[in-house]
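Here are the chains, one letter per residue:
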Amino acid sequence: MDCVAQVRLEHISKTFGDGADAVLAVDDVTLDIEHHEFMILLGPSGCGKSTLLRMVAGLEDPSAGDVFIADRRVNDIEPKQRDVAMVFQSYALYPHKTVAANIEFPLKVRGVGKAQRATEARAAAEVLGLEQQLKRKPGQLSGGQRQRVALARAIVRNPAVFLMDEPLSNLDAKLRGDTRAELVDLHRRLDSTFIYVTHDQIEAMTMGTRVAVLNNGRLQQVGTPQDVYDRPATAFVAQFIGTPPMNLLPPGMLGTDDVQVGIRPEHLRLVPGGQLHATVKQVEHLGHEILLVADANGAKVVARLDPSEFVPEVGDPVAFDADPGRLHRFSTTTGERVS
Amino acid sequence: MNRRLRDVPWAIAMLLPSLALVAVWTVYPLMRAIQKGHFRCDVTGKKCTDQGWSRYVDVFQSDEFQHALGVSIKLMLLTVPTGLVLGVGLAVLADKHLRGIGIFRTIFSSTIATSVAVASLVWFVLLQPQIGVLADMFSDWFPVLKNPGLLNDAGTALLAVALSSIWANLGFTFIIVTAALQSVPRDLYESAFVDGAGSMRRFTNVTIPMIAPTLLFVGVVLTTRALQTYGEIALLTGGGPNPQKPTTTIPYLIYGRNSIISTDIGTKSAAAVLLFLLSLVLALVQFRGLEKRVHYGS
Amino acid sequence: MAADTARGARKAGRYALLIALAVVVLFPIYAVVLQALKTGPDSLDHPRSLLPVDLTLSTIRAAWDQGDLGRLLLNSMFVSIVVTIGVVITSLLAAYAFAFLQFPFKGPLFVAFLATMLVPTEVTVVINERTADSLGWINSYQGLIVPSLASTFGVFLVRQVFLQLPGELREAAALDGVGHLRFLWEVAAPLSRPTLGALGLFTFLGTWNAYLWPSQVIRGDRAHETIQIGLERLKNSDISKINLVTGGLVVAALPIFIMLVLFQRQLVRGLTAGAVKG
């Protein structure tokens with residue numbers, strides 16, 4: 001396999017509506033996704049990530065720009081000819097068909113013979129541990145099982161690109177954790193490219209080979225999860241990724257002059273005589289750590305403390321310090337990273 | 001192909017059967033009737049002269065049409081209010097959790113299964129002076145039942161038609177009103193009960209406002225049916241008894257076998273268009289009311 | 001205790017009222033059915049005729065022979081079944097276009113289409129009779145069937161259900177390469193079965209019970225006459241045989257009664273859907 005970009009988006013924009021009601025959902029996004037990547041499109045709801053995915057699928061037409069899949073411009077190509085499969089948030093299973101019939105359906109449409117269909121559907125079901133459920137209908141399955149059926153239906157087609165639109169958001173927290181690991185495992189076993197839309201930064205950090213962060217239709221940053229965490233390109237990315245979010249202090253605090261400065265809660269140290277003075281507002285004991293919420297001249301500051309450390313009480317004056325290497329500087333006007 | 005227009009051939013193919021049928025059998029005859037209505041024809045129906053829109057005024061003012069209009073309106077007034085009150089009454093009565101209530105509901109719904117022809121002939125048989133059970137049972141109180149028979153007396157014929165219609169429509173009204181009653185949230189009744197409202201008060205303050213849209217819908221349907229009464233007349237009275245013709249409704253005037261305009265396509269068309277306008281106006285008036293009530297209800 | 005007695009009395013009163021009204025509503029059907037199950041002379045002998053004694057099928061048999069009711073039943077059955085299947089198919093197709101396809105002037109076209117629901121049969125028959133005549137469709141199955149093959153209400157009803165199907169189903173199907181007809185046949189139609197059932201039931205009843213149009217397009221041709229029209233001939237026969245009408249009524253109404261007992265739920269669903277359409 002040559003190393004051309006599997007999916008390439010060039011200056012993609014999408015406007016919904018027209019005239020005064022027009023909404024710019026995607027604003028000039030350019031993105032290369034390589035073969036066998038697990039690319040995460042991450043952002044808050046309404047940031048345009050789902051629209052972007054739907055344009056790759058062919059369910060929406062871009063207002064401007066080009067979509068390439070395997071170096072072929074697909075703007076005018078029907079979804080079915082794009083060699084992509086999609087897993088929807090609602091799973092979009094056919095409620096009146098059995099699990100086996102659901103998985104087989106894409107093959108049936110392509111005119112694959114009955115016997116071969118059954119074999120391939122069975123193989124896909126085995127990959128996802130659905131052998132026992134083949135004769136049931138979606139209504140009789142748990143949410144997690146339905147989600148696997150949707151995955152199996154995508155796998156059975158053996159597409160070049162898997163598109164997933166928040167496929168885990170309807171699962172409970174425990175199941176979500178298990179499924180994340182399975183998806184990573186699945187990605188490793190298949191020779192396909194994954195594009196995965198989510199608003200959940202944990203999914204992004206744990207599964208993605210790279211993450212593309214979007215806000216208001218604009219691409220903020222593309223990079224490995226660690227990259228995006230360590231060197232956020234904009235103040236938005238800095239605050240969107242990480243829990244609790246990065247502290248963003250106005251110019252003048254922590255020895256800066258004309259830029260905003262960001263510091264992650266775990267990088268703030270309680271130091272008597274530190275340069276950031278604050279008053280404790282709240283102390284949250286989480287067991288393995290303690291979150292200290294404080295007020296520094298009107299700016300909210302959150303610090304992450306070890307339970308073995310000395311813990312001040314609400315109302316106590318405290319002082320923080322930070323390693324200069326841990327500071328992130330962002331322009332006050334554009335929000336972009338400085339230096 | 002432009003992806004925006006790729007569905008167009010499919011849309012044309014899928015809409016074609018319905019659109020073509022509606023165009024040929026509903027839109028065309030309406031347009032054609034409107035145009036034909038300009039013509040006045042002689043008795044043979046062969047020689048017609050174009051009299052323009054004023055022909056509609058002439059037809060409307062003609063004795064036959066005025067008479068038929070009067071009959072149709074009388075029939076409407078006889079059937080709609082009575083049918084509504086009876087249907088609602090039965091539905092409210094049966095809207096209780098009593099043992100065996102399902103049987104009563106089935107019985108009260110049962111007339112929905114009768115067609116116009118069946119319902120009419122049931123009453124034709126019952127009221128037949130020679131063999132009719134009803135004619136026999138009640139002739140001591142109402143001699144008219146035997147001589148000349150309810151359907152053969154100019155004074156009672158329309159009443160008999162109304163009786164048959166009310167009975168035939170009862171099942172329909174009952175089913176719809178019952179469904180509406182069942183969709184009224186129970187907690188509304190409970191809170192009214194807690195507030196000390198008696199059963200009559202609960203009916204007027206809770207039930208009636210909640211089912212008002214349904215009542216108006218049923219009213220529109222019953223009105224339309226009354227205006228379109230044809231089969232009952234054809235089978236029960238043939239528009240008669242003559243010469244007063246107290247049961248010649250507008251549809252019977254147009255389609256009746258021995259109607260005096262039966263060969264005159266121009267007058268028939270004009271009368272049909274006038275009938276359409278009449279039902280349209282009545283439906284619009286009632287739906288205006290419906291809209292207001294729905295607004296008021298929410 | 002006093003309250004209990006009062007409640008009991010109220011309950012008894014309500015039952016009495018229900019029974020009395022049930023008797024009134026059922027009486028016409030009861031009397032006619034009973035008359036049909038008796039021989040001619042006996043039915044003139046009231047009140048004995050109102051008791052279920054001396055029952056016989058001879059009147060019904062006579063009506064069957066005299067009115068050629070077997071043939072008329074078959075005609076009605078054939079016409080009603082073909083119209084029902086036709087309406088379900090044309091409604092499915094048009095509803096699919098209005099619900100799932102993109103094309104210019106979709107909204108205005110739909111509104112115009114719906115507006116034709118306001119035109120009653122009573123208005124169009126004048127001209128349709130001439131159209132049928134010029135096509136040579138008087139006294140034919142085509143004349144009975146074709147004008148009823150499309151239903152505006154059916155299109156409206158099915159489109160409503162299609163619009164309620166999750167949009168992601170259609171999108172998932174499009175990605176899998178499912179064509180319009182296959183999606184309609186394998187996904188949309190099966191998922192709309194209850195509504196299609198109600199539409200089918202209503203169309204069947206409406207066609208079976210239709211009177212005005214069949215009475216104009218069939219002019220005394222027994223080979224194509226429906227049962228509803230055939231009843232009229234029984235009525236118009238000799239007064240001494242008027243009893244035969246009761247036999248004809250039983251034959252004409254029985255299939256519908258059976259159907260309604262079997263499909264009561266679909267009927268109510270269809271009727272209430274009609275009530276919502278306003």
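Since the structure is predicted, the reported quantities are computational estimates derived from the model, not experimental observations.

Regarding its fold elements, chain C presents 14 helices and 0 strands. Reading chain C from its N end, one meets helices and strands in the order α-α-α-α-α-α-α-α-α-α-α-α-α-α. In summary, chain C has a C-alpha radius of gyration of 24 Å against a globular reference of 19 Å for 278 residues, an excess of more than 25%. The dimensions of chain C, computed from C-alpha atoms along their principal axes, are 75 × 75 × 35 Å. The buried share of chain C, reckoned over its 278 residues, is 54%. Taking all contacts inside chain C whose residues are at least 6 apart in sequence as the whole, residues at least 24 apart take part in 71%.

Here the focus is the packing of aromatic side chains. Using the criterion set out here, one finds 25 aromatic pairs over all chains in the structure. Pairing Phe 98 of chain C with Phe 103 of chain C gives two aromatic rings, centres 6.2 Å apart and planes at 45°, and the pair type is tilted. With respect to class, Phe 98 of chain C is no different from Phe 103 of chain C; both count as buried. Grouping aromatic residues by their ring pairs yields a cluster made of Phe 38, Phe 162, Phe 194 and Tyr 196 of chain A. In this structure, Lys 97 of chain A packs its charged tip against the face of Phe 105 of chain A, placed 4.5 Å from the ring centre. Above the face of the Phe 39 of chain B ring, Lys 36 of chain B is positioned so that its terminal group lies 6.0 Å from the ring centre.

In this chain, Thr 243 of chain A is followed by Pro 244 of chain A through a cis amide linkage whose omega measures -10°. Inspection of the secondary structure assignment puts Pro 244 of chain A in the loop between helix 8 (235-240) and strand 11 (247-249). That bond from Asn 242 of chain B to Pro 243 of chain B is cis: its omega, 0°, falls within 30 degrees of zero. In the Ramachandran plot, His 36 of chain A falls in the positive-phi region, its phi being about 60° despite a non-glycine side chain. On the accessibility criterion, His 36 of chain A (27% relative accessible area) is partly exposed.

Residues and elements named next belong to chain C. Helix 7 (residues 152-164) packs onto helix 4 (residues 106-115) with a crossing angle of 135° between their chain directions and a minimal axis gap of 9 Å. One finds that helix 4 runs oblique with respect to helix 7. The handedness of the crossing between helix 4 and helix 7 comes out as left-handed. Residues Phe 110, Phe 113 and Leu 114 of helix 4 touch helix 7, and the partners they reach there are Thr 152, Val 155, Phe 156 and Arg 159. A per-class count over the contact of helix 4 with helix 7 returns 5 nonpolar, 1 polar and 1 charged.

Here we take up the nonpolar core. Grouped together as the largest cluster of nonpolar side chains are 215 residues, with contacts concentrated most on Leu 41, Leu 52, Leu 163 and Ile 195 of chain A, Phe 108 of chain B together with Phe 162 and Phe 183 of chain C. With 16 residues, helix 3 (residues 69-100) of chain C is the largest single contributor of residues to this core. Ile 40, Ala 100, Leu 168 and Val 211 of chain A belong to the second-largest nonpolar core, a separate cluster that totals 44 residues.

This part is about the side chain of Lys 36 of chain B. With respect to the secondary-structure elements, Lys 36 of chain B resides in helix 1 (residues 8-36). Of the side chains with opposite charge, Asp 264 of chain B lies nearest to the buried Lys 36 of chain B, which makes no salt bridge, at 9.2 Å. Ignoring anything within four residues of it in the chain, the contact list for Lys 36 of chain B reads Ile 265, Gly 266 and Ser 269 of chain B together with Ile 127 and Arg 130 of chain C.

With that out of the way, let us pick up the domain arrangement of chain C. Residue and element names in this part refer to chain C. As far as domains go, chain C holds domain 1 (1-56) and domain 2 (69-272). Relative to domain 2, the C-alpha centre of domain 1 lies at a distance of 36 Å. Opposite the 9 residues of domain 1 that make contact, domain 2 presents 6 residues. Counting each side, the surface lost to burial between domain 1 and domain 2 is near 450 Å², with a carbon and sulfur contribution of 71%. Counting across the domain 1 and domain 2 interface gives 0 salt bridges.

The rules behind each value
- Residues numbered from 1 in each chain as written.
- Chains lettered and ligands numbered in written order.
- Predicted model: local features only at pLDDT ≥ 70, side-chain atom pairs only at ≥ 80, totals over all residues.
- Heavy atoms only, no water.
- Helix = DSSP H or I, 4+ residues; strand = E, 2+ residues; numbered from the N terminus.
- Rg over C-alpha atoms; globule rule 2.2 N^0.38 Å.
- Buried < 20%, exposed > 50% of the residue type's maximum accessible area, 1.4 Å probe, protein only.
- Contact = heavy atoms within 4.5 Å.
- Phe/Tyr/Trp six-rings, centres within 6.5 Å; stacked < 30°, edge-to-face > 60°.
- Lys NZ or Arg CZ within 6 Å of the ring centre and 35° of its normal.
- Axes fitted to C-alpha atoms, helices over the stretch in contact; angles between N-to-C directions.
- Parallel < 35°, antiparallel > 145°, perpendicular 65-115°, else oblique.
- Left-handed = near helix turned anticlockwise from the far one by under 90°.
- Nonpolar A, V, L, I, M, F, W, Y, C, P; charged D, E, K, R; others polar.
- Core = buried A, V, L, I, M, F, W, Y, C linked by side-chain atoms within 4.5 Å.
- Lys, Arg positive; Asp, Glu negative; His and termini not counted.
- Salt bridge = Lys/Arg side-chain N within 4 Å of Asp/Glu carboxyl O.
- Domains from an automatic or database assignment.
- Buried area = accessible area lost by both parts, 1.4 Å probe.

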